[in-house]
Amino acid sequence: MLKKKIAPYLYIIPGLLILLIFVYYPIFRNIEYSFLKWDLFSGTKKFVKFTNYLSLFRSDEFGVAFKNNILYIIISFIFQVGISVIFASILENMKYKKLSTLFRTTFFLPSLISLTIIGLLFTFIYKTDGLLNSILEVMHLGDFTKGWLGDEKTAIFSIIAVSQWKSTGYTMMLFIVAIQKIPTEINEAAKIDGATRLKTFLHITIPLIKDMIKISTIITISGGLLVFNEIFIMTNGGPYGSSEVLSTIMYKNAFVHGNIGYASAIANVILLLSFVFSALQFITKESDN
Amino acid sequence: MKSRYNKSIRYLNYNGMKEITDNLGSMVAKLIIVLFFMIIAGPLIWMVVSSFKSSNEIFSNIWGLPGQWLFTNYVEAWNTGISKYFINSVFVTVCTIILTLIICSLYAYSITIFDFKGKKCFFILALCGMMFSPIVSMIPLYQEVQVLGLYNRRIALILIYSAYQMSLSFLLIQSFFKSIDKAYLDAAKIDGCNNLITLIYIFIPMSKPIFVTSAVLTGFYSWNEFSFALIFVKDSALKTIPSGLLAFQGEMHAEWGVLLAGLVISAVPIIMFFVFAQKYFIAGISAGGVKG
């Protein structure tokens with residue numbers, strides 16, 4: 001009888017332990033850390049209440065990083081939701097199915113490849129004597145050539161561009177899956193009624209894939225908020241901190257300066273912001289089911 | 001669906017210009033698609049072609065085909081370090097997939113077939129893991145990994161990847177288990193199977209497609225994961241491809257051709273993997289709403 005009672009728990013224990021240790025427990029530790037002044041290298045710890053948060057919000061690096069995250073989110077939204085939905089619809093409307101499959105697969109490819117590979121590839125492409133500048137020269141736009149990642153004004157935009165290069169095809173694939181679920185009769189009926197392609201797109205396709213648009217919006221926003229890899233690999237926040245985002249200043253403060261408490265405060269700010277969007281995603285998914 | 005369509009159709013009206021604007025529009029659309037195709041494919045093709053060039057030629061002859069195809073770049077990249085990163089990546093990915101599937105199927109099975117105290121709570125706990133991004137917990141996890149003696153060991157990556165992939169796999173597997181007819185369970189019981197046997201011989205084989213989907217998504221994540229691999233594994237001999245490539249870049253100095261060859265070698269497996277598992281992968285991403 002006892003065996004019967006504990007059996008259900010035995011099954012969930014391995015997964016539960018892993019979840020609690022690596023997903024839930026760290027969240028609480030983070031909150032605790034953020035109230036400490038804690039030097040990683042000397043090991044001194046002191047309770048300082050909200051000092052870390054206050055000095056974070058007053059700092060210049062936070063302003064720059066937050067602005068860059070917002071830029072990331074806005075541009076990603078335009079490409080990965082706006083443009084990608086248009087592309088998905090064009091590809092689905094193409095007469096030559098083989099060609100549209102080729103396009104679709106090619107657009108999707110970059111999202112499969114690790115960001116390290118893509119980041120290193122684009123540091124080549126953005127070099128002063130790299131591919132991008134040589135294309136500009138061929139197009140007689142030689143005046144615009146520069147070391148794209150080495151310039152304070154262009155560094156963050158160059159990285160954001162790579163991100164769009166990588167991810168636009170991903171959300172496009174999600175939209176294609178959604179569009180394929182629309183019954184063909186609906187589109188055919190619209191055609192018979194004399195609807196233009198544009199009107200069919202606006203008044204039939206978009207309303208019918210609304211849920212997928214919602215989901216993509218949320219993953220795009222939280223992606224822009226949590227971005228780390230491409231920045232770390234391509235510029236590491238430079239030049240002069242111009243391409244820092246929240247996660248890179250968190251990383252630097254923790255693992256380079258050893259300022260654990262302050263870095264944890266940054267982590268909690270990211271957590272709070274991302275939590276809002278993940279909760280939204282979660283709610284949307286639940287309501288779909 | 002019907003009423004929504006009727007509502008939509010009211011907006012649509014015919015006008016004489018329709019044919020012309022429609023054609024013009026689709027011309028422009030096609031042009032943009034072709035341009036975008038060039039932007040996406042260009043860098044990839046350039047990477048593959050340049051990986052056969054010498055360092056000098058990559059910059060002096062940026063557009064053309066290599067004067068001499070240096071297959072030695074690939075040999076050198078493989079021997080200089082890519083091979084060990086490759087093996088580590090395979091090891092970490094395979095272990096993560098196995099661990100994730102085991103813990104998720106046990107967890108999901110328990111939630112599906114048993115009634116017990118706190119069931120709902122455990123269900124929500126498993127699902128909500130999805131809301132937390134691993135990058136936010138980087139600092140406490142770093143401390144934890146040190147304390148548990150997992151620092152600089154591949155098992156740290158395996159455990160953490162499984163933890164963060166668990167919620168999604170759990171969601172997929174549990175919703176599939178839920179749909180399995182309970183009559184199988186009773187039949188198995190009559191035949192004298194205990195619960196674990198029923199899971200292994202009835203539930204899991206019946207859910208094969210969803211297990212493949214979960215495996216593909218988990219594998220994709222662990223193959224490409226960068227930030228934990230960077231921070232938790234310091235020893236170059238234990239690094240996986242994403243973090244190893246950075247070390248590799250440092251070792252290569254100005255051997256650009258070899259570095260590019262290394263990038264190509266690292267990109268190929270995941271692309272091949274996708275070609276074979278495309279169906280499952282796309283089913284997974286559109287069900288899960290996740291992003292790599």
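Just so you know, these numbers come straight off a predicted model, no measurement behind them. (Residues numbered from 1 in each chain as written. Chains lettered and ligands numbered in written order. Predicted model: local features only at pLDDT ≥ 70, side-chain atom pairs only at ≥ 80, totals over all residues.)

What to know about the interface of chain B and chain A
Okay, step 1: Opposite the 76 residues of chain B that make contact, chain A presents 77 residues.
Okay, step 2: The greatest single-element share of the side of chain B that touches chain A, amounting to 16 residues, is contributed by helix α2 (residues 18-50) of chain B.
Okay, step 3: Across the side of chain B that touches chain A, the residue classes tally to 54 nonpolar, 17 polar and five charged. (Contact = placed C-beta atoms within 7 Å. Helix = DSSP H or I, 4+ residues; strand = E, 2+ residues; numbered from the N terminus. Nonpolar A, V, L, I, M, F, W, Y, C, P; charged D, E, K, R; others polar.)

A closer look at the nonpolar core
Okay, step 1: Core analysis: the largest hydrophobic core is formed by 163 residues, its most contacted members being F175(A), I266(A), I270(A), L157(B) and I160(B).
Okay, step 2: Among the elements that line this core, the one with the most residues is helix α7 (residues 154-179) of chain B, at 16 residues.
Okay, step 3: Both domains that furnish three or more residues to this core are identified here as domain 1 (2-50) and domain 2 (72-288) of chain B.
Okay, step 4: Those residues within four positions of I160(B) in sequence are excluded, and the remaining contacts are F22(A), L141(B) and F228(B). (Core = buried A, V, L, I, M, F, W, Y, C linked by C-beta atoms within 7 Å. Buried ≥ 20, exposed ≤ 12 C-beta atoms within 10 Å, placed from the backbone. Domains from an automatic or database assignment.)

A few points about helix α10 (residues 208-224) of chain B
Okay, step 1: With 17 residues, α10(B) extends 24 Å between its outermost C-alpha atoms, agreeing within 8% with the 24 Å of an ideal straight helix rising 1.5 Å per residue.
Okay, step 2: The buried fraction of α10(B) is high, at 14 of 17 residues. (Expected span 1.5 Å × (residues − 1).)

Brief notes about the environment of T248(A)
All names here are of chain A.
Okay, step 1: Tracing the sequence through the fold places T248 in helix α12 (residues 246-256).
Okay, step 2: Residues T248 and L226 lie 22 residues apart in sequence; the distance between their C-alpha atoms is 9.6 Å.
Okay, step 3: Excluding residues that lie within four positions of it along the chain, T248 makes contacts with F228, I231, F232 and G237.

Quick notes on the environment of L245(B)
Okay, step 1: Its place among the elements puts L245(B) in helix α12 (residues 241-252).
Okay, step 2: Taking the C-beta count within 10 Å as the criterion, L245(B) has 27 such neighbours and is therefore assigned buried.
Okay, step 3: Considering only alpha carbons, one finds L245(B) and L259(B), 14 residues apart in sequence, at a separation of 8.5 Å.
Okay, step 4: If sequence neighbours within four positions are ignored, L245(B) has contacts with T116(A), I117(A), L120(A), G262(B) and S266(B).

Examining helix α4 (residues 97-112) of chain A
Okay, step 1: For α4(A), with 16 residues, the first-to-last C-alpha span of 23 Å sits near the 22 Å given by 1.5 Å per residue.
Okay, step 2: Of the positions making up α4(A), those classed as buried are F103(A), F107(A), F108(A), P110(A), S111(A) and L112(A).

Some words on the environment of N236(A)
Residues and elements named next belong to chain A.
Okay, step 1: Tracing the backbone through its elements, the reader meets N236 in the loop between α11 (229-234) and α12.
Okay, step 2: The exposure class assigned to N236 is partly exposed, which follows from the 14 C-beta atoms found within 10 Å.
Okay, step 3: For N236 and V64, which are 172 residues apart along the polypeptide, the C-alpha to C-alpha distance reads 14 Å.

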